[in-house]
Amino acid sequence: MGLDIGSGFVKFAEVDHGGDRPELVRAAVRPILHGAVVDGEVVEPLRVVDAVRGVLEDAGLETAEVVAALGGHDVFIKKIEMARTKKSDVPRAIRREAARHVPFDIESVQLDFQILGDHDVDSRMDVLLVAAKRERVEERVALLADASVKVALMDVEALALHNAFAHNYPGASTGVVALVNVGHGLTNISIQQDGALALTRDFPIGARRAGDLDAAAEGIAMGIERVFALLRTRRPGTGMGRIFLSGGGACEPGMAEALARRVKIETHLINPFQRVRARDGAGTSGVLSEAAPMLFLALGLALRAP
């Protein structure tokens, strides 16, 4: 079960991994009162708890054990290069390296990492480094406990989006791809290069905050251009590929077309169920047909192997 708390809605998805491919069992979306979540941070916990309880009720559940996620300014993600070391020494070496990169007090964060590629090749290694403020992790776990939800795993929003995209679009990862998750108040832009996460940034722009479609598209386009400019400073000559839109803001009629006109790049509205079968009656009224891109993050969380 994946649970995504956004600035405008709580989204829930349950995936069955028991068959030959993942299958959506049920999904639900419930709005959150305006101002309860700002820039990814919960500022009115009671309203969020009510919305979480409501989305579980819509899904026919009283309680759940979920994969949840954090994003925004409380999470740091970076791919770093470091000297290869013995596997037994890797955690200590990475923690020392993390202290040089993570912009938070290293003693106050939850730290995780993944070595990219074969650990036994070459003298250097690429490492995907992730850090989240421990206080925010504990706050989110406690908040969900108040809504009768147990957190089985805490993920990172950008990585869950990457996971959902890799599953649904395995042939689309060649070259440079931008995953743009447009929320109501916050937009995450993640750049993939040849299937690997290269860069991710959050911008305080969304469909509701901007006020209208044109303003939102203009702000998101500027965010995409800034992220690609940063990528080109790190990897000169990198060309911009395709854009895939998800999130509640992507459901706004005309958003994909308005963004494509501004950035002049092939832009697609994402289908979370490209390679995930949905059971009959899996979604509450209209959620799969009208708000499918909004469920992309929740689906990515639920796709984590049990």
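S.K.: Which parts of the structure should I look at to understand the overall build of the protein?
M.R.: Looking only at helices and strands, the protein features nine helices and 16 strands. Against the 2.2 N^0.38 benchmark of 19 Å for 306 residues, the protein shows a C-alpha radius of gyration of 19 Å, consistent with a compact globule. Structurally, the protein occupies a C-alpha span of about 55 × 45 × 40 Å along its principal axes. Expressed as a percentage of the 306 residues in the protein, the buried residues total 51%. Within the protein, contacts between residues separated by at least 24 positions form 67% of all contacts whose residues are at least 6 apart in sequence. By element, 48% of the accessible surface of the protein is carried by carbon and sulfur atoms, the whole surface being about 14000 Å². Each charge class in the protein was averaged separately, 36 positive and 41 negative side chains, and the resulting centres sit 5 Å apart.

S.K.: Would you mind going over the pattern of salt bridges with me for this structure?
M.R.: Any two side chains of opposite charge can pair, so long as their charged atoms come close to each other. Per the stated rule, a full pass over the model turns up 18 salt bridges. With a shortest N-O distance of 3.7 Å, R136 and E41 are connected by a salt bridge. Placement of the pair is R136 in helix α3 (residues 134-146) and E41 in strand β5 (residues 41-42), with a sequence separation of 95 residues. We classify E41 as partly exposed; its relative accessible area is 35%.

Basis of the calculations
Residues numbered from 1 in each chain as written. Predicted model: local features only at pLDDT ≥ 70, side-chain atom pairs only at ≥ 80, totals over all residues. Heavy atoms only, no water. Helix = DSSP H or I, 4+ residues; strand = E, 2+ residues; numbered from the N terminus. Rg over C-alpha atoms; globule rule 2.2 N^0.38 Å. Buried < 20%, exposed > 50% of the residue type's maximum accessible area, 1.4 Å probe, protein only. Contact = heavy atoms within 4.5 Å. Areas by Shrake-Rupley, 256 points an atom, 1.4 Å probe, with all protein chains shown as cover. Lys, Arg positive; Asp, Glu negative; His and termini not counted. Charge placed at Lys NZ, Arg CZ, Asp CG, Glu CD. Salt bridge = Lys/Arg side-chain N within 4 Å of Asp/Glu carboxyl O.

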